[in-house]
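Geometric and topological summary
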Amino acid sequence: MSDSLRNDAWASFVVLIIIIKMKKELFNKCLEAVEDATDIRWHKVTQSRTDEAVCARMLLVRVLTDAGFSESDIAEYTFMKQQRINYLKNEGMMRIEHNRLMRKMYDEIRQKMQ
């Protein structure tokens, strides 16, 4: 392998590591904003079947989608299946539009993300 190819491969690797780190930091920022707005912690967001936890999951998926995460990215970070992510994203959009409390929490989260 030539030095030029080795340097290009190394530069690509470094860029990939930086992107992964930035995505993780962005995910943590989104999660923290959702936890603060809903007063529901990560474990309950992912494990509970209460309506509040489901709404928190929907908000998290919506905020991550807004931040540029794909469904597969969200599945990777949340350990949820992609089909579940899709459902939460679609149903969450409708609930945010029609539920004042969810809309208020969503707006609060978006404001924290700016």
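Read on for an overview of the structure. Only a predicted model underlies this, so the values are computations on that prediction, with no experimental measurement involved.

1. Observations regarding the side chain of T38
Mapped onto the secondary structure, T38 falls in helix α1 (residues 3-38). At a separation of 2.7 Å, a polar atom in the side chain of T38 contacts the main-chain carbonyl oxygen of V34. Not counting residues up to four positions away in its chain, the partners in contact with T38 are A56, L59 and M105.

2. Some details on the pattern of salt bridges
With the rule as written, the count across this model stands at 11 salt bridges. One salt bridge in this structure joins K112 and E108, with 3.7 Å as the shortest N-O distance. Pair noted here: K112 and E108 are both in helix α6 (residues 100-113), with a separation of four residues, about one helical turn. Of the residues examined, K112 reaches a relative accessible area of 36% and is grouped as partly exposed. Judged by its relative accessible area of 31%, E108 falls in the partly exposed class. Here the salt bridges do not stand alone but share partners, grouping E35, D39 and R41 into one network.

3. Section: helix α5 (residues 82-98)
Along its 17 residues, α5 runs 24 Å from first to last C-alpha, staying within 8% of the 24 Å computed at 1.5 Å per residue. Among the residues of α5, those classed as buried are I85, L88, G92 and I96.

4. Things to note about the environment of N99
Mapped onto the elements, N99 comes out in the loop between α5 and α6. Separated by 82 residues in the primary sequence, N99 and I17 have C-alpha atoms spaced 39 Å apart.

Criteria and thresholds
- Residues numbered from 1 in each chain as written.
- Predicted model: local features only at pLDDT ≥ 70, side-chain atom pairs only at ≥ 80, totals over all residues.
- Heavy atoms only, no water.
- Helix = DSSP H or I, 4+ residues; strand = E, 2+ residues; numbered from the N terminus.
- Polar contact = N/O pair within 3.5 Å; in protein donor to acceptor, adjacent residues only side chain to side chain.
- Contact = heavy atoms within 4.5 Å.
- Salt bridge = Lys/Arg side-chain N within 4 Å of Asp/Glu carboxyl O.
- Buried < 20%, exposed > 50% of the residue type's maximum accessible area, 1.4 Å probe, protein only.
- Expected span 1.5 Å × (residues − 1).

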